[in-house]
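Reading the structure
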Amino acid sequence: MSARIEDKGDRLIIWNGNTEKRGALSPELYACINDALAQARELRIRAVILTSEGPFFCAGGNLNTIIERRQISEAERRDKVDDLHDLVRGMRASPVPVIAAVEGGAAGAGLSLALACDLIVAAKDAKFVAAYVKAGLVPDGGLTSAMARLLPRPLAMEMCLLGRPVMAKRFAELGAVSRLASPGKAMEEAMALADALAEGPRQAQGVIRGLVADAYETTEASQLDAERDAMAAASGRDEAAEGISAFLEKRKPSYG
Ligand SMILES: C/C=C/C(=O)SCCNC(=O)CCNC(=O)[C@H](O)C(C)(C)COP(=O)(O)OP(=O)(O)OC[C@H]1O[C@@H](n2cnc3c(N)ncnc32)[C@H](O)[C@@H]1OP(=O)(O)O
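Residues numbered from 1 in each chain as written. Predicted model: local features only at pLDDT ≥ 70, side-chain atom pairs only at ≥ 80, totals over all residues. Heavy atoms only, no water.

**Examining the overall build of the protein**
A tally of regular secondary structure across the protein gives 11 helices and 9 strands. Here the protein has a C-alpha radius of gyration of 19 Å; the compact-globule value for 256 residues is 18 Å, and the two agree. Its C-alpha atoms give the protein principal-axis dimensions of roughly 65 × 40 × 35 Å. Of all 256 residues assigned to the protein, the portion counted as buried reaches 41%. When contacts within the protein are restricted to residue pairs at least 6 apart in sequence, those whose partners lie at least 24 apart make up 69%. For the protein, the accessible area works out to roughly 13400 Å², and carbon and sulfur atoms hold 55% of it. Across the protein, the mean location of the 32 positive side-chain charges is 5 Å away from that of the 35 negative side-chain charges. (Helix = DSSP H or I, 4+ residues; strand = E, 2+ residues; numbered from the N terminus. Rg over C-alpha atoms; globule rule 2.2 N^0.38 Å. Buried < 20%, exposed > 50% of the residue type's maximum accessible area, 1.4 Å probe, protein only. Contact = heavy atoms within 4.5 Å. Areas by Shrake-Rupley, 256 points an atom, 1.4 Å probe, with all protein chains shown as cover. Lys, Arg positive; Asp, Glu negative; His and termini not counted. Charge placed at Lys NZ, Arg CZ, Asp CG, Glu CD.)

**Some details on the site of the ligand**
Neighbouring the ligand are 20 residues, the closest being Arg22, Ala59, Gly61, Leu63 and Ala109. Between an oxygen atom of the ligand and a main-chain N or O atom of alanine 109, the distance comes to 2.9 Å. Surface burial for the ligand is 64%, taken as the share of its 970 Å² of free accessible area covered by protein chains. If you tally residues by element for the shell around the ligand, the top one is helix α2 (residues 63-66), at 3 residues. Broken down by class, the residue content of the shell around the ligand amounts to 11 nonpolar, 5 polar and 4 charged. (Near = heavy atom within 4 Å. Polar contact = N/O pair within 3.5 Å; in protein donor to acceptor, adjacent residues only side chain to side chain. Nonpolar A, V, L, I, M, F, W, Y, C, P; charged D, E, K, R; others polar.)

**Examining the sheet that holds strand β5 (residues 105-107)**
The 3 strands lie next to each other as β5-β7-β8, forming an open sheet whose pairing is mixed. Because the sheet does not close on itself, it has two edges, and the strands there are β5 and β8 (166-167). Here strand β7 (residues 127-129) pairs with β8 via 2 bridges, running antiparallel. Each bridged residue has a counterpart across the sheet, and for lysine 127 the counterpart in β8 is methionine 167. Docked against the sheet, helix α4 (residues 109-116) engages β5 and β7, running at close to 115 degrees with respect to β5. (Pairing = 2+ DSSP bridges. Axes fitted to C-alpha atoms, helices over the stretch in contact; angles between N-to-C directions.)

**Examining a nonpolar patch on the surface**
Taken together, the side chains of Met157, Leu161 and Leu162 present a nonpolar region at the surface, about 280 Å² in accessible area. Take leucine 161: its relative accessible area is 56%, and that puts it in the exposed class. (Patch = residues over 30% accessible without salt bridge, like charges linked within 9 Å, V, L, I, M, F, W, Y side chains within 5 Å. Salt bridge = Lys/Arg side-chain N within 4 Å of Asp/Glu carboxyl O.)

**Description of the sheet that holds strand β6 (residues 119-123)**
The 6 strands lie next to each other as β1-β2-β3-β4-β6-β9, forming an open sheet whose pairing is mixed. Here the strands that pair on one side only, and so sit at the sheet edges, are β1 (3-7) and β9 (179-181). Averaged over all pairs of adjacent strands, the angle between strand axes in this sheet comes to 20 degrees, irrespective of strand direction. For strand β4 (residues 98-102) and β6, the ladder comprises 4 bridges, and the chain directions are parallel. Within β6, the residue paired with alanine 101 across the bridge is valine 121. Lying on the sheet, helix α1 (residues 27-39) is in contact with β1, β2 (11-16), β3 (47-52) and β4; it crosses β1 at an angle near 25 degrees. On the sheet, helix α8 (residues 186-198) packs against β2, β3, β4, β6 and β9 and is oriented at approximately 160 degrees with respect to β4.

**Quick word on the domain arrangement of the protein**
Reports often express the size of an interface as the amount of accessible area lost when the parts come together. As assigned here, the protein comprises domain 1 (3-198) and domain 2 (202-248). In this structure, domain 1 and domain 2 have C-alpha centres spaced 27 Å apart. With 16 residues of domain 1 at the interface, the matching set in domain 2 holds 9 residues. Summed over both sides, the interface of domain 1 with domain 2 buries roughly 1000 Å², with 37% coming from carbon and sulfur. Counting across the domain 1 and domain 2 interface gives 4 salt bridges. Between arginine 92 and aspartate 214 there is a salt bridge, and its shortest N-O distance comes to 2.3 Å. Joining domain 1 to domain 2, the criterion identifies 13 residue pairs in polar contact (both at pLDDT 80 or more). Taken together, the residues of the side of domain 1 that touches domain 2 sort by class into 9 nonpolar, 1 polar and 6 charged. (Domains from an automatic or database assignment. Buried area = accessible area lost by both parts, 1.4 Å probe.)

**What about the side chain of arginine 11?**
By the element assignment, arginine 11 lies in strand β2. At 2.9 Å, the side chain of arginine 11 and the side chain of aspartate 10 are in polar contact. Engagement of the side chain of arginine 11 in a polar contact is seen with the side chain of aspartate 195, the distance being 2.7 Å. Beyond its immediate sequence surroundings of up to four residues, arginine 11 is in contact with Glu6, Ile45, Ala47, Ile49, Met191, Ala194 and Asp195.

Written as structure tokens, this is what we have:
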């Protein structure tokens, strides 16, 4: 199976199973990401984790398929890229945090997907490769905008222009991944992050992930308006009543 969703009750794990091609993208993976994001609207779901069955997170678009796209029109090729971009838009609009658990590495649109996640756990020996240029291609999947948010411009430019790998350790030094894990332990760390998220207030977390992501793209003036509206709504909710009461009563909050 080239992709599947594992339902763990309070979290959904998307397993990329295209192991023989280093986790290259497949229609099944697209379907699983879309399904998981739709299922994540259920209140019991607190996080979505994207990871791979094999030793490599995702090698991006399947080059065997992309080379065949010379036979179709540019408009059709644009639609194919939009299918990927719809995934990224869906991840952006997710009601719950999306966590990448990266073993081995992420390349091409696999890197785009990893960087589109809210939290990124990477094995220490994982490598991040823009890759596209090596195949005569250009970045997609929001990679250039994710890199602009996460990385200094000379590094983003070098990765995109030369396609050379950068180790997860360097990303971590730049604060561009949430956590480094020992090789083989990225999923364990991602599960620990999901455990921590599951103890927190779901609605507030959903709003926070949107606010933080929007802040990289908008002005301070519009963030102030957005934060005012979000805070006004949040402070009227049961979650805030419970969180504040728990703090004042020196107990652990229970968000139910
Ligand atoms: C819409 C999206 C667009 C895009 O994302 S365009 C960019 C597409 N991605 C790439 O250009 C990356 C290409 N792959 C690589 O650079 C390397 O691979 C990796 C860095 C990911 C891993 O390197 P290593 O561990 O040395 O593996 P290996 O020997 O190169 O590959 C193992 C097998 O996997 C196949 N494979 C790897 N990536 C892809 C891919 N993206 N599409 C199709 N096949 C791929 C290879 O060909 C080979 O296959 P065999 O065992 O038959 O020789």
